[in-house]
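Next come the chains, spelled out residue by residue.
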Amino acid sequence: MIEIKFDCDRKFETLKVKNFVENSIDLILEMLKNGSDEVYVSVFLTNNDKIKEINFKYRNINKVTNVLSFSQNENRMLDNNKNCYMLGDIVISLEKILSEAKEQKKYFYDHLLHMLTHSILHLKGYDHENNLNAKIMEEKERDILLKILNRVSK
């Protein structure tokens, strides 16, 4: 189950972005083979000002970032008595993703897919706190992105 909240000042095609995010997360989770429990992820799509606020409130870092990941990693029972694995929450500044994509000469949706993959891996426990962990995480990102690209191009 993927819950998406959209609160961004810039003019993005809300439905197109939401559908892309939902479909991308489904594919990423499929690549990570999450088992039989339903997985819950919440995504907050916002702007630079709001992500900066959240970054300061929860991490005491007073700057804009592209994505924040807050893992929960626990099983919960939903209202319909169905077991659900609460993976966590993702906050994305679409404004930052767009500016980075332009800087890096990438397509917006390609960069968004990369950042979604990156954030899901953080929720799954991957990090880049040291060179070894960064290398492992980057290899996993590349592996997932290549698998998605191969699937989409067929």
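Residues numbered from 1 in each chain as written. Predicted model: local features only at pLDDT ≥ 70, side-chain atom pairs only at ≥ 80, totals over all residues. Heavy atoms only, no water.

**Some remarks on the nonpolar core**
- In this structure, Val41, Val43, Ile92, Leu94 and Ile120 are the most contacted members of the largest nonpolar core, which totals 34 residues.
- Taken together, the elements giving at least two residues each to this core come down to strand 1 (2-6), helix 1 (14-31), strand 2 (38-46), strand 4 (83-93), helix 3 (94-103), helix 4 (108-123) and helix 5 (131-153).
- Take this core: its biggest share by element is 8 residues, from helix 4.
- Here leucine 94 is in contact with Phe6, Cys8, Phe12, Val17, Leu45, Thr46, Phe108 and Leu112, once residues within four sequence places are set aside.
- If you look at the next biggest cluster of nonpolar residues, it comprises 5 residues, including Phe44, Ile51, Ile54 and Val91. (Core = buried A, V, L, I, M, F, W, Y, C linked by side-chain atoms within 4.5 Å. Buried < 20%, exposed > 50% of the residue type's maximum accessible area, 1.4 Å probe, protein only. Helix = DSSP H or I, 4+ residues; strand = E, 2+ residues; numbered from the N terminus. Contact = heavy atoms within 4.5 Å.)

**Remarks on the packing of aromatic side chains**
- Applying the stated criterion across every chain, the model contains 3 aromatic pairs.
- Between the aromatic rings of phenylalanine 108 and tyrosine 109, the centroid separation amounts to 5.0 Å while the plane-to-plane angle is 80 degrees, which identifies the pairing as edge-to-face.
- Look at phenylalanine 108 and you get buried, because its relative accessible area is 14%.
- Each member of the aromatic cluster is reached from another via a ring pair, and the members are Phe20, Phe108 and Tyr109. (Phe/Tyr/Trp six-rings, centres within 6.5 Å; stacked < 30°, edge-to-face > 60°.)

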